Amino acid sequence: MLAYILRRVFQSLIVLLAVGLVAFAMFNFVGDPVDNMLGQERTQADIERLRQQLGLDQPFLVQYWKFLEQAAQGNFGLSYRQGRPVADILAERLPATLELALVSGILALIGGVVLGIFTAIRRSGVAANVIMTVSLVGVSLPTFLIGVVLIYVFSVELGWLPSFGRGEVVDLGWWSTGFLTVSGLKALILPAIMLGLYQMTLIMRLVRTEMLEVLRMDYIRFARARGIREKSINFKHALKNTLVPVITITGLQLGSIIAFAIITETVFQWPGVGLLFINAVQFVDIPVMAAYLMMISVMFVAINLIVDMLYFAIDPRLRLDRKGGGH
Amino acid sequence: MTTQKTSQSRLARAWDSDLAYSFRKTPVAVVSAVIVLVLILGAVLAPWIAPLNPFDPASLNLMNGFTPPSTPNAFTGETFVMGTDDQGRDVFSTILFGMRISLFVGFSAVFLAIILGVTLGLLAGYLGGWVETIIMRVADIQLTFPSIMVAMLIFGIAKGVTPPEYRDQMAIWVLILAIGLSDWVQFARVVRGATLVEKNKEYVQAARLIGRSPVAIMLRHILPNVLNPVLVIATISLALAIIAEATLSFLGVGAPPTKPSLGTLIRIGQEYMFSGEWWILLFPAVTLLALALSINLLGDWLRDALNPRLR
């Protein structure tokens, strides 16, 4: 167990080092940082001085190590576009993205599990078939179009919900939340649906498949033979065993929710880190792009690691396999 | 392989093959194929069949701006099947030209991904050792991130490397590079897996014994036998690449407004959604849906028909 954890942590570190190398290369090869920082009137001496100051005259590995040191402390320099420390900008934008990701994650999980159970139990029903077909079409739709349709129906035609922004937010010092105001909650609904819909279909299809598999097992048949009520079989006996893969997949999807938030945030002009990233790409704001990349990869790697360990802890068969396999 | 057969009997043989039979018996596949074919034809023939060239300022009349579909314009009396946008450009024509860019980017990006993925997959599978370790490690790391994010990042980096005065011209090529590079991993994985199986078979050992070079063995012997799954992934990748292109352009990090793709058109149309000019948004969106959905369904059918060990 310990060896497995250590190996996974080591692998995660390698991934982070590799991503760090990409971010470092962006700083050094995409546009000259000296060029970006000095104005039009510069002398050769200015350039040399700044090069020394930034440590650009030192060997590659030394520079890389310094970059990693700085990055670990959350220091990515100034945004080319806004002229403020990147770390500050990210910290100010992060609450918006995390709140959106959290709500759509919960939405996807609840909706996915409920619909998955329903389509598995009423397998041949009309409603279940309609849901399955719709989900199949939904998966192949571009997500940004779903957002556009939501805006058209609920903002333009019905005028119920706002089409952009985060509404009023309450400032809690280091965190700004939209959960505490009516306009903040209203603004959250459409983006959360758009972001959660795709993950919901994934979870729904997974729950359905797992559920159908479990319902065919012997212990379910024996439970039926014992005369236990159908409801109790479905929810107490069957559902429990489908939840292991569902938890792990949901955990892994958390990462992609944060990534796909880029699209949602752009459609709804939601002031989170995704919108910040897109604007950085548009204006080639390298420090922001690099910092976002590092932040996202730390999140992804951490999520993957935690999910792997959860899986290991939940499913005893994995532990047996490893012992038997003699690795 | 008999190469002496005439094209006539080849056609007949193709008609009788299992694949063609399964195609004829699957209405979804036939309908999808027809839709894809019509759209591709429309895109290819756009300069000849489009009523107007939307990018030729001489053919535009600002008075025609915001003409609703199939109703005569109040000032000029001209009619447009799908209406016009703010600058009086015929929406039907912009869609035809936009599809050209969407399809060009999609096909080129998938082509790039196939070349890269198949080459690296063959090398990893056949050579093994540290070559395999490095290639598959990089693939694993890239797979940690959703491909659309990788594409955005590559787009940003490539844009930074291009001098500002060339950025609009190069945008299409940068898009192809970004989507192609974000999509090679799947091809590499599947080809590597198939190569690992093939390389221990007798025909490969025989080829090695008579002293054929590793390059020849990989290209002439192994490659033809691992192409089936590549074809299936390529079809689904094409739909994904078209959607990725549309998404990037919609977000403003893709095709520039001077060379609009379907995604750019939807981005433009979205601005007029609030003021009631629905046709500027609706028609490009429906075209994109039809294109992506039909290619997807075609890919699904192909996967079931060829039935490689994919799932």
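Cut-offs applied
Residue numbering note: each chain is counted from 1, following its sequence as written. Throughout, the order in which chains and ligands are written sets their labels, letters from A for the former and numbers from 1 for the latter. Residue-level local features of this predicted model are given only where pLDDT is at least 70; pairs of side-chain atoms are given and counted only at 80 or more, and the full residue set underlies all totals for whole chains, interfaces and linings. Note: side-chain values were computed over all heavy atoms of the structure, leaving out hydrogens and water. Counting from the N terminus, the helices are the DSSP runs of H or I reaching at least four residues and the strands are the DSSP runs of E reaching at least two. Burial classes follow relative accessibility: with a 1.4 Å probe on protein chains only, a residue under 20% of its type's maximum area counts as buried, one over 50% as exposed, and anything between as partly exposed. Only heavy atoms matter for contacts: two residues are in contact if any of them lie within 4.5 Å across the pair. Residues enter a nonpolar core if they are buried and are Ala, Val, Leu, Ile, Met, Phe, Trp, Tyr or Cys, with the set joined through side-chain atoms within 4.5 Å. Buried area adds together the accessible area that both of two parts lose upon being put together, with accessible area traced by a 1.4 Å probe. We call two N or O atoms a polar contact when they sit within 3.5 Å, provided that within protein one can donate a hydrogen and the other can accept it, with sequence-adjacent residues counted only if both atoms are side-chain atoms. Just so you know the grouping, Ala, Val, Leu, Ile, Met, Phe, Trp, Tyr, Cys and Pro go in nonpolar, Asp, Glu, Lys and Arg go in charged, and all remaining residues, Gly too, go in polar. Each residue carries a pLDDT score, the predictor's own confidence in it, on a scale running from 0 to 100.

## Observations concerning the overall build of chain B
Assigned secondary structure in chain B consists of 14 helices and zero strands. Secondary structure of chain B in N-to-C order comes out as α-α-α-α-α-α-α-α-α-α-α-α-α-α. In chain B, which comprises 311 residues, the share counted as buried stands at 50%. The long-range share in chain B, meaning contacts at least 24 apart out of those at least 6 apart in sequence, stands at 69%.

## With respect to the side chain of Ser 297 of chain A
Tracing the backbone shows Ser 297 of chain A in helix H12 (residues 286-314). Not counting the four nearest positions on each side in its chain, Ser 297 of chain A is found in contact with Leu 16 and Val 19 of chain A together with Phe 145 of chain B.

## Here we look at the nonpolar core
Counting 133 residues, the largest nonpolar core has Phe 144 of chain A together with Met 152 of chain B as its most contacted members. It is helix H5 (residues 91-127) of chain B that contributes the most residues to this core, 14 residues altogether. Apart from residues no more than four positions distant in its own chain, Met 152 of chain B is found in contact with Ile 262, Ile 263, Phe 277, Ile 278 and Val 281 of chain A together with Leu 248 and Leu 251 of chain B. Counting residues in hydrophobic clusters, the runner-up holds 17 residues, among them Val 113, Ala 120, Val 207 and Met 211 of chain A.

## Some remarks on the interface of chain A and chain B
The interface of chain A with chain B comprises 35 residues on the first partner and 34 residues on the second. In total, chain A and chain B occlude about 3200 Å² of area from one another, counting both sides; carbon and sulfur atoms represent 84% of this. Three residues, Ser 140, Phe 144 and Gln 282 of chain A, lead the burial of chain A against chain B; their summed loss comes to 17% of the area buried on that side. Counting across the chain A and chain B interface gives three residue pairs in polar contact (both at pLDDT 80 or more). For the side of chain A that touches chain B, the secondary-structure elements that each account for two or more residues are helix H1 (2-29), helix H7 (143-157), helix H10 (230-267), helix H11 (273-282) and H12 of chain A. Its residues assigned to classes, the side of chain A that touches chain B shows 27 nonpolar, eight polar and no charged.

## Here we look at the confidence of the model for chain B
Overall, the predicted model of chain B reaches an average pLDDT of 81, with 86% of residues at or above 70. Predicted as a complex, the structure gets a pTM of 0.81 and an ipTM equal to 0.78.

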